[in-house]
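Tertiary structure, described
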Amino acid sequence: MSTEVTPASEVRDVIIVGSGPAGYTAAIYTARADLKPLMIAGSVTAGGELMNTTDVENFPGFPDGIMGPDLMENLGQQAEKFGTEVMYDDVTSVELEGAIKTVTLADGQEFKARTVIISTGSAYRELGVDGEKRLVGHGVSSCATCDGFFFKGQDIAVIGGGDSAMEEAIFLTKFAATVTVVHRRDSLRASKIMAERALKHPKIKFIWNSEVVSVEGEAKVTGARLNNLVTGEQSDLAVTGLFVAIGNDPRVDLVKGVLELTEAGTIAVESRSSKTSIKGVFAAGDVVDPTYRQAITAAGSGCVAALDVEHYLAEQDS
Amino acid sequence: MSNAKSATDATFADVVLKSEKPVIVDFWAEWCGPCRKLGPILDEISVEYSDKVEVVKVDVDANPAISAKYGITSIPAVYLFNGGEVQSTVIGARPKQYFEKEFADVLK
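If you're wondering where the values come from, they're calculated on a predicted model, not measured in any experiment.

1. Quick notes on the overall build of chain B
The helix and strand inventory of chain B stands at 5 helices and 5 strands. Taking the principal axes of its C-alpha atoms as reference, chain B extends roughly 30 × 30 × 25 Å. A burial count over chain B gives 50% of its 108 residues as buried. A sequence separation of at least 24 residues applies to 71% of the contacts in chain B between residues at least 6 apart. Carbon together with sulfur atoms contributes 51% to the accessible area of chain B, which is approximately 4900 Å² in total. Placing the 12 positive and 16 negative side-chain charges of chain B at their respective mean positions leaves the two points 3 Å apart.

2. Examining the packing of aromatic side chains
Taken as a whole and assessed by the stated rule, the structure comprises 15 aromatic pairs over all chains. Judged by centre distance (4.5 Å) and plane angle (45 degrees), the ring pair of Phe149 of chain A and Trp31 of chain B falls under tilted. Of this pair, Phe149 of chain A sits in the loop between helix 3 (144-147) and strand 11 (155-159) while Trp31 of chain B sits in the loop between strand 2 (23-28) and helix 2 (33-48), on two different chains. Of the residues examined, Phe149 of chain A reaches a relative accessible area of 13% and is grouped as buried. Taking relative accessible area as the criterion, Trp31 of chain B reaches 28% and is therefore assigned partly exposed. Each member of the aromatic cluster is reached from another via a ring pair, and the members are Phe12, Phe27, Tyr70, Tyr79 and Phe81 of chain B. If you follow Arg32 of chain A out to its NZ or CZ, it ends over the ring of Phe82 of chain A, 4.9 Å from the centre. Sitting over the ring of Tyr98 of chain B, Arg94 of chain B keeps its end group 4.9 Å from the ring centre.

3. Some words on helix 1 (residues 21-32) of chain A
The periodicity of an α-helix, 3.6 residues per turn, causes residues three or four positions apart to be oriented the same way. All names here are of chain A. Relative to the 16 Å expected for 12 residues at 1.5 Å per residue, helix 1 spans 16 Å between its end C-alpha atoms, a close match to the ideal helical length. On its buried side, helix 1 packs onto strand 1 (11-17), strand 2 (38-40), helix 2 (68-81), strand 8 (110-118) and helix 6 (295-317). Residue Asp34 follows helix 1 closely and has a positive phi angle near 65 degrees.

4. What to know about the interface of chain A and chain B
With 21 residues of chain A at the contact, the number on the chain B side is 18 residues. On the chain A side of the interface with chain B, the three residues burying the most area are Val44, Phe149 and Phe150 of chain A, jointly 36% of the side's total. Applying the counting rule to chain A against chain B returns 0 salt bridges. Linking chain A with chain B are 9 residue pairs in polar contact (both at pLDDT 80 or more), by the criterion used here. Contributing elements (two or more residues each) for the side of chain A that touches chain B: strand 10 (140-141) and helix 3 of chain A. Top element by residues in the side of chain A that touches chain B is helix 3 of chain A. It accounts for 3 residues. Considering only residue class, the side of chain A that touches chain B consists of 10 nonpolar, 8 polar and 3 charged.

5. Some remarks on the side chain of Thr30 of chain A
Residues and elements named next belong to chain A. Along the chain, Thr30 turns up in helix 1. Within the structure, the side chain of Thr30 is placed 3.3 Å from the backbone oxygen of Ala27, a separation counted as a polar contact. Each residue touching Thr30, except ones within four places of it in the same chain, is listed here: Val14, Ile16, Leu35, Lys36, Pro37 and Ala306.

6. Structural notes on helix 2 of chain B
Taking 1.5 Å of rise per residue, 16 residues should cover 22 Å, and helix 2 of chain B covers 24 Å from first to last C-alpha, within 8% of that figure. Roughly 25 degrees is the biggest bend found in helix 2 of chain B, and it falls at Gly39 of chain B, with proline Pro40 of chain B one to four residues downstream. For helix 2 of chain B, the full list of buried residues reads Gly33, Pro34, Cys35, Lys37, Leu38, Gly39, Ile41, Leu42, Asp43, Ile45 and Ser46 of chain B. Those residues of helix 2 of chain B that are buried lie in contact with helix 3 of chain A together with strand 2, strand 3 (54-59), strand 4 (77-82) and helix 4 (96-102) of chain B.

Conventions adopted
- Residues numbered from 1 in each chain as written.
- Chains lettered and ligands numbered in written order.
- Predicted model: local features only at pLDDT ≥ 70, side-chain atom pairs only at ≥ 80, totals over all residues.
- Heavy atoms only, no water.
- Helix = DSSP H or I, 4+ residues; strand = E, 2+ residues; numbered from the N terminus.
- Buried < 20%, exposed > 50% of the residue type's maximum accessible area, 1.4 Å probe, protein only.
- Contact = heavy atoms within 4.5 Å.
- Areas by Shrake-Rupley, 256 points an atom, 1.4 Å probe, with all protein chains shown as cover.
- Lys, Arg positive; Asp, Glu negative; His and termini not counted.
- Charge placed at Lys NZ, Arg CZ, Asp CG, Glu CD.
- Phe/Tyr/Trp six-rings, centres within 6.5 Å; stacked < 30°, edge-to-face > 60°.
- Lys NZ or Arg CZ within 6 Å of the ring centre and 35° of its normal.
- Expected span 1.5 Å × (residues − 1).
- Buried area = accessible area lost by both parts, 1.4 Å probe.
- Salt bridge = Lys/Arg side-chain N within 4 Å of Asp/Glu carboxyl O.
- Polar contact = N/O pair within 3.5 Å; in protein donor to acceptor, adjacent residues only side chain to side chain.
- Nonpolar A, V, L, I, M, F, W, Y, C, P; charged D, E, K, R; others polar.
- Bend = angle between axes of the 7 residues up to and from the residue.

Structure follows, in structure tokens:
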């Protein structure tokens, strides 16, 4: 395979920003279309959200499941095999108007291309309550696979009711004495298989219809103050760890005020395509998807973006 | 390339607390995905700023005492020590530029 690097000054066909399932799938397709994609993968965010997960059981083609980081490694290899150039750097700004787009990295390097695919994914959502920020790293965590180890034999809580929250809760039972799931509603949003696994687990307890009002503790977490949304009663939950899994927000900082966004805060795209409000700029993955947000839907949407890019370039050249 | 050293529960005092230069300590573990991303970034800093700081890595799995002493419950955790005292902390993997800004006092 070709390993020649396109000089920075040259105008490329396509630059892909972000390296989750959407970005890598877009890279595989555009590379196979001989568009020599440049992917800016992120210095510490490379591989995206799946890098912090364990078993992925619902990605088609892996009957025994696959570890999230292994899946991303595979996607990366597949993209590079067909000639994708990957840079583990961060994009700090983009100029998207006009026929030639410019992407600027944190170290000041500039790259130009006729099209850009934005696949920056989403970022972990904070509770936004007192004590949370102050106690990050001292009991408040957003990464169960990183931090579960520190809570051996302790009582901890997971906040949230979706698949990610259930996965974290189940994973954390390997270490913790008890895991209490605190959820705003009276039933779980998680898929049935994940919900049942959690509901049946002897170490997992549930507190329903409740939200966290504040995280308590001086130097480290000692508990959480909860508010029952039905009765209005407040109570204190004594835990030493709080894992927050209440969802994600699209990462649109780069394009805010430049690309049209939806009410949900995602990048607006035309109908079922990946076309954004600016010609030659396409978007894919969680950053356009307020609804489904699965690895496989992100991958599918990366494929759509790649095909839209091909079509757009062909039209420009005709 | 890296100039980073390792410290253990037994050597932490000598390698970090008694260091003449400020020390950037990376608390990490093998199982932690973001830690693996951060490693090479701190390696770069250890080379580029070798005249200004030491970079020292502590495997929390093998060295529970020192991790507990500093109340580490999230990794990667990067602590800047100066004269034996914690001067600044960064929790979570961050880009190189973030550390250059956060630790500007000692990196200049």
